[in-house]
Amino acid sequence: MFVKDIQSLTRGELEGRLTALGQPAYRAAQTLDWLYVRRVTTWDAMTNLPRALRGLLQEQFSLHAPELVRRRGSRDSTQKFLWRLADQSLIESVLIPANRALYGEASDRHTLCISTQVGCAYGCRFCASGLEGWKRNLEPDEIVGQVLAVERVVANEISDGESGASERQARRIVDNVVVMGMGEPLANYDRLLQALKILNAPWGLGIGARKITVSTSGLAPQIRRLAAEPLQFRLAISLHGATDDVRNRLMPVNRKYPLRDLMAACEEYRNKGGRRITFEYILIEGVNDDISQVRPLATLARRLGAKVNLIPYNTVEGLRWKRPAESVCETFLHALEKHGVVATLRREKGHDIDAACGQLRLKAGNLAAAPAAQNNA
Ligand code: SAH
Ligand code: SF4
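As a starting point, this report considers the structure included with it. Throughout this document, residue positions are counted from 1 along each chain, in the order its sequence is written. Lettering for chains starts from A, numbering for ligands starts from 1, and both go in the order in which the items are written. Residues qualify for local features only when their pLDDT is at least 70, as the model is predicted, and side-chain atom pairs are given and counted only at 80 or more; totals for whole chains, interfaces and linings, by contrast, use all residues. Side-chain calculation: all heavy atoms of the structure are included, whereas hydrogens and water are not.

Looking at the site of ligand 2
The criterion, for reference: Throughout this document, a residue counts as near a molecule or strand when at least one of its heavy atoms sits within 4 Å of that molecule or strand. Charged residues are taken to be Asp, Glu, Lys and Arg, nonpolar residues to be Ala, Val, Leu, Ile, Met, Phe, Trp, Tyr, Cys and Pro, and polar residues to be all remaining types, Gly included.
If you check the shell around ligand 2, you find Cys120, Tyr122, Gly123, Cys124, Cys127, Ser129, Gly183, Glu184 and Ser217 and nothing else. Looking at the shell around ligand 2 residue by residue, the class counts come to four nonpolar, four polar and one charged.

A look at the environment of Asp290
Let me state the cut-off plainly: Only runs of H or I of at least four residues qualify as helices and only runs of E of at least two qualify as strands under DSSP, and these elements are numbered from the N terminus. When a residue's accessible area, from a 1.4 Å probe over protein chains only, is under 20% of the maximum for its type it is buried; when over 50% it is exposed; and in between it is partly exposed. Pairs of N or O atoms are called polar contacts if they sit within 3.5 Å, as long as, within protein, a hydrogen donor faces a hydrogen acceptor (for residues adjacent in sequence, only side-chain-to-side-chain pairs).
Of note, Asp290 is situated in the loop between strand S10 (277-283) and helix H11 (294-304). By relative accessible area, which is 45% here, Asp290 ends up partly exposed. For the pair Asp290 and Cys329, spaced 39 residues apart in sequence, the C-alpha to C-alpha distance is 9.7 Å. Looking at Asp290, its side chain comes within polar contact range of the side chain of Ser292, at 2.8 Å.

Here we look at the pairing of strand S7 (residues 174-179)
Using the following cut-off: Pairing between two strands is assigned when DSSP locates at least 2 bridges connecting them. By the criterion used throughout, a crossover qualifies as right-handed when its path from the first strand across the helix to the second strand runs clockwise, the strands pointing away from the viewer.
Of all six residues in S7, six are buried; the element is thus mostly enclosed. In this sheet, strand S8 (residues 212-216) lies alongside S7 in parallel orientation, the contact comprising three bridges. When the sheet's bridge partners are listed, Val177 is paired in S8 with Ile212. Regarding topology, helix H6 (residues 189-200) serves as the crossover connection from S7 to the parallel S8, and that connection is right-handed.

Here we look at the side chain of Gln293
Basically, it comes down to this: Should any heavy atoms of two residues lie within 4.5 Å, those residues are counted as being in contact.
Mapped onto the elements, Gln293 comes out in the loop between S10 and H11. A residue is classified by how much of its surface remains accessible, and Gln293, at 6% relative accessible area, is buried. Gln293 has contacts with Gly241, Ala242, Thr243, Val246, Tyr281, Asn288 and Phe332, leaving out every residue within four places of it along the chain.

Side note on H11
As a reminder, the rule being used: Each C-beta atom gives one direction from the helix axis, and the arc is the one those directions make.
Looking at H11, one finds that the buried residues are Val294, Leu297, Ala298, Leu300, Ala301 and Leu304. Taken around the axis of H11, the buried residues stretch over an arc of 165°, which confines them to a single face. Buried-residue contacts for H11 involve helix H10 (259-271), S10, strand S11 (307-312) and helix H12 (326-338). In the stretch just after H11, Gly305 is the one whose phi turns positive, near 60°.

Brief notes about the sheet that holds strand S1 (residues 67-72)
Which entries qualify depends on this criterion: To obtain each axis, a line is fitted to C-alpha atoms, and for helices this fit is confined to the stretch in contact; angles are then taken between N-to-C directions over 0 to 180 degrees.
Strand order in the open sheet made by the 10 strands is S1-S2-S3-S4-S7-S8-S9-S10-S11-S12, with mixed pairing throughout. Edge positions in the open sheet fall to S1 and strand S12 (343-345), since each of these has one partner strand only. Across the sheet, the mean angle from the axis of one strand to that of its neighbour is 20°, orientation sign disregarded. Where H6 meets the sheet, it contacts S7 and S8, and its direction lies at approximately 165° from that of S8.

Here's the deal with a positive patch on the surface
Test applied: Residues enter a patch when their relative accessible area is above 30% and they make no salt bridge; the linking distance is 9 Å between like charges and 5 Å between nonpolar side chains (Val, Leu, Ile, Met, Phe, Trp, Tyr). All accessibility values rest on the Shrake-Rupley procedure with a 1.4 Å probe; residue burial counts only the protein chains present in the view. What makes a salt bridge here is a side-chain nitrogen of Lys or Arg within 4 Å of a carboxyl oxygen of Asp or Glu, nothing more. For the purpose of charge, His is not counted, nor are the chain termini; Lys and Arg are scored as positive and Asp and Glu as negative. Charged groups are reduced to one reference atom each: NZ for lysine, CZ for arginine, CG for aspartic acid, CD for glutamic acid.
A grouping of Arg125, Arg249, Arg255 and Arg320 is seen on the molecular surface, where their side chains present a positively charged patch. If you trace the backbone, Arg249 turns up in helix H8 (residues 244-250).

Examining the side chain of Arg27
By the secondary structure assignment, Arg27 is in helix H2 (residues 26-37). Asp33 provides the closest opposite charge to the buried, salt-bridge-free Arg27, at an N-O distance of 12 Å. Apart from the residues lying within four places of it in its own chain, the contact partners of Arg27 are Leu18, Asn48, Leu49, Pro50 and Leu53.

Quick look at the nonpolar core
Counted only if it meets this: We call a set of buried Ala, Val, Leu, Ile, Met, Phe, Trp, Tyr and Cys residues a nonpolar core when their side-chain atoms join them within 4.5 Å.
In terms of nonpolar packing, the biggest core is built from 107 residues, with Phe126, Phe279, Val308 and Leu336 touching the most fellow members. Counting residues per element, this core draws most heavily on helix H4 (residues 140-155), which supplies eight residues. The next biggest cluster of nonpolar side chains, apart from the first, holds six residues, and it includes Val94, Ile96, Met180 and Ala236.

Structural notes on the packing of H6 against helix H7 (residues 220-227)
Note the following rule: These descriptions rest on fixed angle ranges, namely under 35 degrees for roughly parallel, over 145 for roughly antiparallel, 65 to 115 for roughly perpendicular, and the rest for oblique. In this scheme, a crossing is called left-handed if the near helix is turned counterclockwise away from the far one by less than a right angle; it is called right-handed if the turn is clockwise.
Two elements in contact, H6 and H7, have axes separated by 12 Å at closest approach and are oriented at 30°. Between H6 and H7, the angle falls in the class roughly parallel. In this structure, the crossing between H6 and H7 has a hand that is right-handed. For the pair H6 and H7, the contacting residues are Tyr189, Asp190 and Leu193 in the first and Gln222, Arg225 and Leu226 in the second. Looking at the contact of H6 with H7, its residues break down into three nonpolar, one polar and two charged.

By themselves, these are just geometric observations and shouldn't be taken as functional.
This is how it looks when you write it as structure tokens:
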């Protein structure tokens, strides 16, 4: 039988369950404090809850935490975390410092890139995540759990010589979240939204909606749904082609939701409260890096007032696509700018040795590198 994890519940839902168990309302606040401030991983650690209540909670809910399998990268730069979930599935999260340490001290402001599915069903031709197909959706607690787990690991390592162990334990590490890891977030819509509510809530992790960016390959109906949500998350569209012709070659999803539908949905999103949209555009040699793509791309970007992030392709083992020469990327960027589009180009020397799943790093790193455009409230 599927047992719900307590970290998949909103405060209202938890209060409801506790009331049904004959418990006073303040027990919900205490429990939430243990989960999201103290970030404990066992029922026994919740020492101000009566033992009997802890037993009841344990009967009703699971309390899972992703298990760290591997960690790569250094404390002052991008770090990749590989997690094992309760069913043995493996997922990744990538942590990027917001501002590099200037004088050797560690940065304590970070963007975290999180996964929403195990594998991906969308099969974009250039992407490592879709290579082995789709396995399952992540539950809300498994999405939220990536942020909690990273904070657990990192908070304790930042030593400022003053704070005590419990203060360190409660310190917030992640102030921006980008949903750009493995999976198509909008194909797991309800669980994603539940997780984002928990990440955003003051009783949860308290991360502002405008500091949360959801990336999609272009699921038009779900973009419309997201537009109707009261929480104003940021939206990134993985465009990668500015004509249906080019996009069809790269992303099967474009046959279902061609550019005309996608742009109409984006327009609806932008018009609800003036929300900003970003286009992600991977530059792939001989596929979409031709200067002839600049004009249609600029037209789409201007129509939506969207900023464009250009990302030189990160080679994936077993796939034939290549990164264009640096000069080609620069030419593409300048041509876009000439058309009046705000654009950035991720300049990274060579390919990242650590990034078995390089897309995570590149994409998330690009957002972190543009805090003024992406991260302001
Ligand atoms: N499924 C969602 C979110 C996860 S993919 C989406 O497609 O938007 C995150 C981003 O990484 C997407 O923009 C994707 O196009 C990009 N990406 C995938 N493989 C890549 C690679 N090899 N190099 C650079 N970016 C890549
Ligand atoms: Fe899935 Fe996104 Fe990769 Fe496409 S780019 S296969 S939608 S994870």
